[in-house]
Amino acid sequence: MTPNLHLWLIPLLPLAGAAINGFLGKRSSRPAVSTVALVFSGAAFAMALWVVSQFSSLTLPYIETLAPWIRAGSFQVDFAFYLDQLSLIMLLIVTGVGFLIHIYSVGYMWEEGGFYRFFTYLNLFMFFMLTLILASNYLLMFIGWEGVGLVSYLLIGFYFLRDSAASAGKKAFIVNRVGDFGFLIALFLLIKHFGSLNYAELAHAIAPLHIETHAGLFTAIGILLMVGAAGKSAQIPLYVWLPDAMEGPTPVSALIHAATMVTAGVYMVSRSHVIFDRAPSALTVVAIIGTLTAFFAATIGVTQTDIKKVLAYSTVSQLGYMFMGCGVGAFSAGVFHLMTHAFFKGLLFLAAGSVIHAVGGEQDMRKMGGLRTKIPWTFWTMTAGTFAIAGIPPLAGFFSKDEILWQASRVSLVYWGVGVFTAFLTSFYMFRQWFLTFFGEYRGEAHSGHGHDSHGHDSHGHDSHGHGGVHESPAVMLGPLVVLAILSVVGGWVGIGNRFENFLAPVFHSTATISADSFDAPAAESTSTASPAAESSNPEPKNEESEKSTELVFTAISVGAGVLGFLLAWQLYYRRPGLPAEIAAKLGGLYYTVLNKYYVDEIYAAVIVKPLIALSSAVLWQGIDRGIIDATLDGSAEGAREVSDSMRHMQSGNIRSYAGWVAAGAACIIVFMAWIALAAPWAAK
Amino acid sequence: MVPLSYYLILSGILFACGVTGFLIKRNLITIFMSIELMLNGVNLSFVAFAAQWHALSGQIFVFFVMVVAAAEAAVGLAIIIAIFRTRETLNVDQVNLLKL
């Protein structure tokens, strides 16, 4: 007997919080606003925990239909929620990390204007994100998908008086729109060919189809879905919005732009694994995009000096890892990394926020340093996060990253090689940040709590803090840091002995066997792409021994890459702090290219944005809008006015002229009658 | 017997005189009389045709027209007097209120 879980409550609780704060928050006190926000997001987390406690008694997937939404012939979409192992993990991440970040935000945003607005958006985000995760069909997922995009826009532009924040919000929204376009087309293709958007029905409809006959269709859908995922999850070529999104408050960067929203693309691709399993070319595209993104973003991260920008590029890079995992068919490895990344990247952002808070709004790492002893709690939690992301065992990042790299190596050593090099870069830039921030001498101005106006980030919200000197954050901010730090340390242990993978196996397994069947006949390329998914659930016993030793070697190499990154950062930024500048000078052009993010923004501006604006203003605005639409309206109005003007003179008030018109009209009628009688073609002759 | 055409020509002349007077005269009373002239021009053609075709309906129509004309004369003269009282003129060029 499956109990009724009332899943619908989970998204609706934060929505209720958002509604209360949104409508009443302006007149409420800060404690009241934060209580409402915390109670409702905490209730969602409690519900999620309760769902976990009930999980073993469920028949999966558990589907809860609330109400019909769209009924058009045989096509129907319902308000329905879907729970399986994958959505359970996402549910825990979103509500758990989300709740922690809510707590942290109370401390972080306490002094800020727009306190109630912030928590309204944050709760609204939880609602949309949970809708995205729990939806039982792509259309409901799309609602959540668009909703988180909207809230992301609102929160990036939270300090909307600052021009850069407002335009960063717009950029995020517009770039996401490009991805959403691909997602929508993929949904249209699904509707056209399968007449449904329900996961369950789609899986049922797709399962019997073989790759030989439907590869084209699935490849098209897969690539379009990937376009959508690339927009939301900031992958090449649509990643440009995420670094700019750091204009938002730091808890937002942690929640939306690191832990949850940007992983929606990974979730969506994993959710669509039925399609991707049958589209090896699309999977290859996913893997290549992921690998390239991981590498390029990591190189940019090495040169950044803004503490949040480093983390932003790191997020892009880690998302690339997740897509690499999905792309080689190891969806569970991708989701595993998604989970650990949510822990340690959420932690890193929150800790960075705590650092920024401590130094009074400064974000430039070159003006930090020596903070180790001044803010020990932040230091130790951030240390946990840094070691986790660098892939040092036995912290969380090690297990998930190693799993992805191992799976990638079984498909192609190129993915593995780039992945390991990226791991080295990751470790390097993270320890660079760690050393720059916490070690050496403090390089900021004394008592930088005041005089913020002289800073580059002068309008950052923390300028209002009325304190002097470096200081530790309040307990309400440190609590979530500690919890996340513990999770970053132990969170990866669930992956020991493939437990995580086995837990997710029912989600990905059913199709893995199918794809293994359908791969018996076709080309070798497709076999090599998708078979790991099949093999990993049914490892062949005879190779197990040799595989184990190979895996150990690969693990050692990736750990070595992480340690190497640490040593290099230690050498460059701790022992000889003058050296990086010399190296940068030697590298010259290459360094500046990377520092300026490969000029991607400039290239996009020149190739896409400027022509688009020129086209819009010259043709669409001046030509079509002004020239045709406005001209038509103005012309008809002008014409009507002129005709009326001439007609007006007929009505002069002069009775004799009226009589003249009557006589003239009568004369016309008489002439017409005479013509009809005598000269018209039909006149009776 | 006088031919029909003579009556019709006279009727046409009377009507034309009425139209001309209606269009060119400025005095309201003259205009009023021109209208009567037009009506009588039409009346003449009615009775001429009635006599020609030995049909009584033409004659009856003329009675109707006369009755209407008498009523119109009563109402019209009342309007003219009202106009003269308010505006102290009967020149239609100065009575030009029939406009927006």
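Residues numbered from 1 in each chain as written. Chains lettered and ligands numbered in written order. Predicted model: local features only at pLDDT ≥ 70, side-chain atom pairs only at ≥ 80, totals over all residues.

Draft legend 1. Quick look at the overall build of chain A. Counting its secondary structure elements, chain A contains 26 helices and two strands. For chain A, the spread of C-alpha atoms along the principal axes amounts to about 115 × 70 × 55 Å. Evaluated residue by residue, chain A yields a buried proportion of 51% over its 685 residues. Within chain A, residue pairs in contact and separated by at least 24 positions form 81% of the contacts whose partners lie at least 6 positions apart. (Helix = DSSP H or I, 4+ residues; strand = E, 2+ residues; numbered from the N terminus. Buried ≥ 20, exposed ≤ 12 C-beta atoms within 10 Å, placed from the backbone. Contact = placed C-beta atoms within 7 Å.)

Draft legend 2. Geometry of the overall build of chain B. Within chain B, the secondary structure is distributed over three helices and zero strands. Element order for chain B, N to C, with α for helix and β for strand: α-α-α. Against the 2.2 N^0.38 benchmark of 13 Å for 100 residues, chain B shows a C-alpha radius of gyration of 17 Å, more extended than a compact globule. When each of the 100 residues of chain B is scored for burial, the buried share is 13%. Summarising the internal contacts of chain B: among those between residues at least 6 apart in sequence, 49% fall at separations of at least 24. (Rg over C-alpha atoms; globule rule 2.2 N^0.38 Å.)

Draft legend 3. Layout of helix α4 (residues 115-134) of chain A. For α4 of chain A, spanning 20 residues, the distance from its first C-alpha to its last is 29 Å, which sits close to the expected 28 Å at 1.5 Å a residue. The buried count for α4 of chain A comes to 19 of 20 residues, which makes it a mostly enclosed element. (Expected span 1.5 Å × (residues − 1).)

Draft legend 4. Quick peek at the nonpolar core. The biggest cluster of nonpolar side chains holds 208 residues, and the ones touching the most others in it are Phe125, Met129, Leu134, Met226, Val286, Leu347 and Val355 of chain A. Here the element with the most residues in this core is helix α15 (residues 331-358) of chain A; it accounts for 18 residues. Excluding residues within four positions of it along the chain, Val286 of chain A makes contact with Met226, Val269, Phe323, Cys326 and Gly327 of chain A. Val19, Leu28, Ile31 and Val92 of chain B belong to the second largest nonpolar core, which has six residues in total. (Core = buried A, V, L, I, M, F, W, Y, C linked by C-beta atoms within 7 Å.)

Draft legend 5. Representation of the packing of helix α1 (residues 9-24) of chain A against α4 of chain A within the structure. All names here are of chain A. Viewed as axis vectors pointing N to C, α1 and α4 meet at an angle of 160°, and their least axial separation amounts to 8 Å. What the angle tells us is that α1 and α4 run roughly antiparallel. Helix-helix and strand crossings are classified by hand; for α1 and α4 the assignment is left-handed. Residues Ile10, Pro11, Pro14, Leu15, Gly17, Ala18, Asn21 and Gly22 of α1 form the contact with α4, whose participating residues are Tyr116, Phe119, Thr120, Asn123, Leu124, Met126, Phe127, Leu130, Thr131 and Leu134. (Axes fitted to C-alpha atoms, helices over the stretch in contact; angles between N-to-C directions. Parallel < 35°, antiparallel > 145°, perpendicular 65-115°, else oblique. Left-handed = near helix turned anticlockwise from the far one by under 90°.)

Draft legend 6. Expanded view of the interface of chain B and chain A. Counting from both sides, the interface comprises 11 residues of chain B and, opposite them, nine residues of chain A. Of the residues in the side of chain B that touches chain A, the class split is eight nonpolar, one polar and two charged. (Nonpolar A, V, L, I, M, F, W, Y, C, P; charged D, E, K, R; others polar.)

Draft legend 7. Just helix α1 (residues 4-24) of chain B, in detail. All names here are of chain B. End to end, α1 covers 30 Å across 21 residues, agreeing with the expected 30 Å (1.5 Å per residue, within 8%). Taken together, the buried positions of α1 are Ser11, Gly18, Val19 and Phe22. Take α1 and look down its axis: the buried residues cluster within an arc of 95°, on one side only. Facing away from the buried side of α1 by over 90 degrees, the exposed positions are Ser5, Tyr6, Ile9 and Ile13. (Arc of directions from axis to C-beta.)

Draft legend 8. Expanded view of the confidence of the model for chain A. All names here are of chain A. The predicted model of chain A has a mean per-residue pLDDT of 85, with 91% of residues at 70 or higher. Looking over chain A, one finds the lowest element-wise mean pLDDT in helix α21 (residues 524-537), namely 42, and the highest in helix α5 (residues 138-156), namely 94. Between residues 447-467, whose pLDDT stays under 50, and residues either more than four places distant or in other chains, the model counts 36 contacts. Below pLDDT 50 for its whole length, residues 511-540 participates in 53 contacts with residues either more than four positions away or in separate chains. (pLDDT = per-residue confidence, 0-100.)

Draft legend 9. Geometry of the packing of helix α13 (residues 280-303) of chain A against helix α14 (residues 307-327) of chain A. All names here are of chain A. In the contact formed by α13 and α14, the axes pass within 7 Å of each other and the chain directions differ by 160°. On the basis of their axis angle, the class for α13 and α14 is roughly antiparallel. The two elements α13 and α14 cross, and the hand of that crossing is left-handed. Among the residues forming the contact of α13 with α14, the class breakdown is 17 nonpolar, nine polar and no charged.

Draft legend 10. Fine view of the pairing of strand β1 (residues 62-72) of chain A. Residue and element names in this part refer to chain A. Counting buried positions over the 11 residues of β1 gives one, only a small fraction of the element. Looking at chain direction, β1 and strand β2 (residues 75-83) are connected through nine bridges and run antiparallel. Each bridged residue has a counterpart across the sheet, and for Thr65 the counterpart in β2 is Ala80. The antiparallel pairing of β1 with β2 creates a hairpin that spans two residues between the two strands, and Gly73 there sits at a positive phi of about 65°. (Pairing = 2+ DSSP bridges.)

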